[in-house]
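Inside the fold
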Amino acid sequence: MSNKLGNDTDSDVSELDPKELSQALSFDKYAPQLGYAEDPETPLTAETFPSKSGGKPAWLNPETILAAEQVTCENCEQPMSLLLQLYTPEDQPAEAFHRAVYVFCCKKGGCVKQDWTRSFKVFRSQLPRENPYYPPPNESDDEEEEEEEFTPKSFKAPVQCVICGLGGAKACGKCGKTAYCSREHQMADWNMCRHKEFCNKHISEQDQEVIDKLRAARIFTEKEIVSEPEGKGEDLEEEESQAEFFKENNPDEPSSDSKALVLAGDEAEEDTKVDVDDVFLQFQLRIQLYPDQVIRYDRVEYDMPTREPLWVQQNYKPASIPACELCNGPRTFEFQILSTLLNYLGVNHIAADSLDWGSLFVYTCKQNCTLGKEVFAEEVLWKQDFSADGMQLGPKEAAMLRRKNAAKQ
Ligand SMILES: [Zn+2]
Ligand SMILES: [Zn+2]
Ligand SMILES: [Zn+2]
Ligand SMILES: [Zn+2]
């Protein structure tokens, strides 16, 4: 189940003829899944096991959720917002039959600029197939055979902050009903989401809609993340012609393998003479094949060699990634959040002090160890910006990009 976001790849593949199928599968094995942000067609609730950016967290374990204290920005001391959650089930361990990775981020660009290591948090959560909350999916094709009664556990649902969906241990002092994770969100609701006006009053459906919109505007905009493998279908041809183009324009490149561009990460690593511009150029060439992608998902199989992310610059890579605190095993690269996601979050990312990154790289426990009694395991995030050097392409690269763009028209 690795290298796969919860998606409908299976149904796509079954429509191919056997030859296409084998091609698709062999390509699948190495191709990252690309995620795209779309308007949700149905509510992205926990029971739908969503992959999404923004909105309130859809808690995989509905009984135990994160509190603001666990997701506080250490720069401004205010709760972070859900940036993204991906539903990424695994075959093993059995405990990860359902698996979700949550990425939180401070909405203030100033905090991220000041010290980004204090303004992001990543958590992993998982549940086995048999669990108290969700019926086991019916895997048999014979629908009548296995419709076992499933009674979800009854438990006291944790109170959630009406603004951000984190645990809401505080309540409005006046009505005692509306819950908040923090004083910051209580203040925001009172002053900016009209709770001052509606506290202790009957709220009409229309007014509630307005209030919900105001509250939603305090966190990142919610989008569904849908995914498909990179280089699938007709786009593969484009990718090959791209590789061809790269080869033609780089006759000095030692590798005559058309995969040189496709496997940018690994190959670039081996070439010690590779300079900043080359890494950025490879990044750009790879991304512009599918310019709308917001996520690159590339978790390895347990026995596969570690995969390299698509770096946006040669410098500022992590020297080492800390081992998993639970099992002491290594963490490996799982997915990358591209700067294109900033376009969908409902934040101004043009202003000088706005939220910004080149890419965010999420590393998780390679063994995907069991959490035991814990509901969340903290994982690791690394951030790269576009380097000033990278943005100023060398003359050779600039000429190449110009020719490439001309050829496209
Ligand atoms: Zn902050
Ligand atoms: Zn909150
Ligand atoms: Zn109130
Ligand atoms: Zn572990």
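No experiment lies behind these values; they were computed from the predicted model shown. (Residues numbered from 1 in each chain as written. Chains lettered and ligands numbered in written order. Predicted model: local features only at pLDDT ≥ 70, side-chain atom pairs only at ≥ 80, totals over all residues.)

**Here we look at the overall build of the protein**
Inclusion rule: Numbering goes from the N terminus for both helices and strands, where a helix is a DSSP run of H or I of at least four residues and a strand is a run of E of at least two. Put plainly, a residue is buried at 20 or more neighbouring C-beta atoms within 10 Å of its own, exposed at 12 or fewer, and partly exposed in between, counting only other residues' C-beta atoms, which are placed from the backbone. Contact between residues is assigned whenever the C-beta positions, reconstructed from backbone atoms, fall within 7 Å.
Each helix and strand in the protein was counted, giving 12 helices and 12 strands. Per-residue burial for the protein yields a buried fraction of 36% across its 409 residues. Restricting the contact set of the protein to residue pairs at least 6 apart, pairs at least 24 apart contribute 69%.

**Regarding the UniProt feature "domain: MYND-type" (unreviewed entry) in the protein**
Definition in use: UniProt positions are given in the numbering used here, feature names are shortened, and annotations may be inferred rather than shown by experiment.
The UniProt record annotates "domain: MYND-type" (unreviewed entry) at residues 161-199. For residues 161-199, the helix share is 36%, the strand share is 10%, and the end-to-end C-alpha distance is 15 Å.

**Let's talk about the pairing of strand S3 (residues 81-87)**
To keep things clear, this is the line we draw: Strands are treated as partners if at least two bridges between them are detected by DSSP.
Within S3, 7 of the 7 residues are buried, which leaves the element mostly enclosed by the surrounding structure. Judged from the 6 bridges that link them, S3 and strand S4 (residues 98-105) form a sheet pairing that is antiparallel. Note on S4: the bridge partner recorded for Leu-84 is Val-103.

**Remarks on the sheet that holds strand S8 (residues 223-229)**
Read around the closed barrel, the 10 strands follow the order S1-S8-S2-S3-S4-S5-S12-S11-S10-S9; overall the barrel is antiparallel. With 2 bridges connecting them, strand S2 (residues 52-53) and S3 associate as antiparallel partners. Paired with Lys-52 across the bridge in S3 is Gln-85.

**Remarks on the nonpolar core**
Rules: Only buried Ala, Val, Leu, Ile, Met, Phe, Trp, Tyr and Cys residues enter a nonpolar core, and they are joined through C-beta atoms within 7 Å. What marks off one domain from the next here is an automatic or database domain assignment.
By size, the foremost hydrophobic cluster in this structure holds 68 residues, and its most contacted members are Tyr-102, Val-103, Phe-104, Cys-161, Ile-295, Leu-341 and Val-362. With 6 residues, the single largest contributor to this core is S4. Looking at which domains feed residues into this core, each of domain 1 (5-130 + 156-164 + 219-235 + 269-408) and domain 2 (165-218) supplies at least three. Leaving out residues up to four positions away in the same chain, Val-362 has contacts with Val-101, Val-103, Val-122, Glu-334, Phe-335, Glu-379 and Leu-381.

**Quick notes on helix H4 (residues 183-192)**
To keep things clear, this is the line we draw: Relevant arc is that of directions from the helix axis to the C-beta atoms, nothing else.
Within H4, burial applies to His-185, Gln-186, Ala-188 and Asp-189. Buried residues along H4 cover an arc of 165 degrees about the axis, so they all sit on one side. Opposite the buried face of H4, at more than 90 degrees from it, the exposed residues are Arg-183, Met-187 and Asn-191. Where H4 terminates, the next one or two residues include Arg-194, which has phi positive at roughly 70 degrees.

**Remarks on the pairing of strand S5 (residues 120-127)**
Burial runs high along S5: 8 of the 8 residues are buried. Neither face of S5 is left uncovered, since the one carrying Phe-120, Val-122, Arg-124 and Gln-126 and the one carrying Lys-121, Phe-123, Ser-125 and Leu-127 both have all their residues buried. When S4 meets S5, the two strands line up antiparallel, connected through 8 bridges. In the strand pairing of S5, Val-101 is matched with Arg-124. Sheet analysis places S5 next to strand S12 (residues 377-384), joined by 3 bridges and oriented antiparallel. Opposite Phe-123, over in S12, you have Glu-378 as the bridge partner.

**Focus: the environment of Leu-341**
Along the chain, the position of Leu-341 falls in the loop between strand S10 (331-338) and strand S11 (359-365). On the basis of neighbour count, Leu-341 is assigned to the buried category, with 24 C-beta atoms found within 10 Å. Sequence-wise, Leu-341 and Gly-35 are 306 residues apart; in three dimensions their C-alpha atoms are separated by 9.9 Å. In this view, Leu-341 contacts Ala-37, Ser-53 and Val-294; residues no more than four positions away in its chain are not counted.

**Considerations on helix H6 (residues 205-216)**
Quick reminder: α-helices carry 3.6 residues per turn. Residues three or four places apart thus point the same way. Note the following rule: Each residue after the first adds 1.5 Å to the expected span of a helix.
The terminal C-alpha atoms of H6, which comprises 12 residues, lie 16 Å apart, in line with the 16 Å expected from a rise of 1.5 Å per residue. Sparse coverage of H6 is indicated by the burial of 1 of its 12 residues.

**What to know about the confidence of the model for the protein**
Spelled out, the test is: On a scale of 0 to 100, pLDDT captures the predictor's confidence in every residue.
Residues with a pLDDT of 70 or more make up 73% of the protein, whose mean pLDDT is 82. Confidence drops under pLDDT 50 across residues 6-16; counting only partners more than four residues distant or on other chains, this segment forms 13 contacts. Counting interchain partners and residues more than four positions distant, the pLDDT-below-50 stretch residues 253-274 has 28 contacts.

**Focus: unusual backbone geometry**
A cis amide bond, omega -5 degrees, links Gln-92 with the succeeding residue Pro-93. Relative to the assigned elements, Pro-93 resides in the loop between S3 and S4. Within the chain, Glu-77 stands out as a residue other than glycine whose phi angle is a positive 65 degrees. Within the secondary structure layout, Glu-77 lies in the loop between S2 and S3. Although it is not a glycine, Asn-368 sits at a positive phi angle of roughly 55 degrees. Mapped onto the elements of the fold, Asn-368 is located in the loop between S11 and S12. Judged by local crowding, Asn-368 falls into the buried class, with 26 C-beta atoms found within 10 Å.

**Considerations on the environment of Gly-176**
Here Gly-176 lies in the loop between strand S6 (170-171) and strand S7 (179-180). Remark: the alpha-carbon pair of Gly-176 and Asn-200, spanning 24 residues in sequence, is separated by 8.9 Å.

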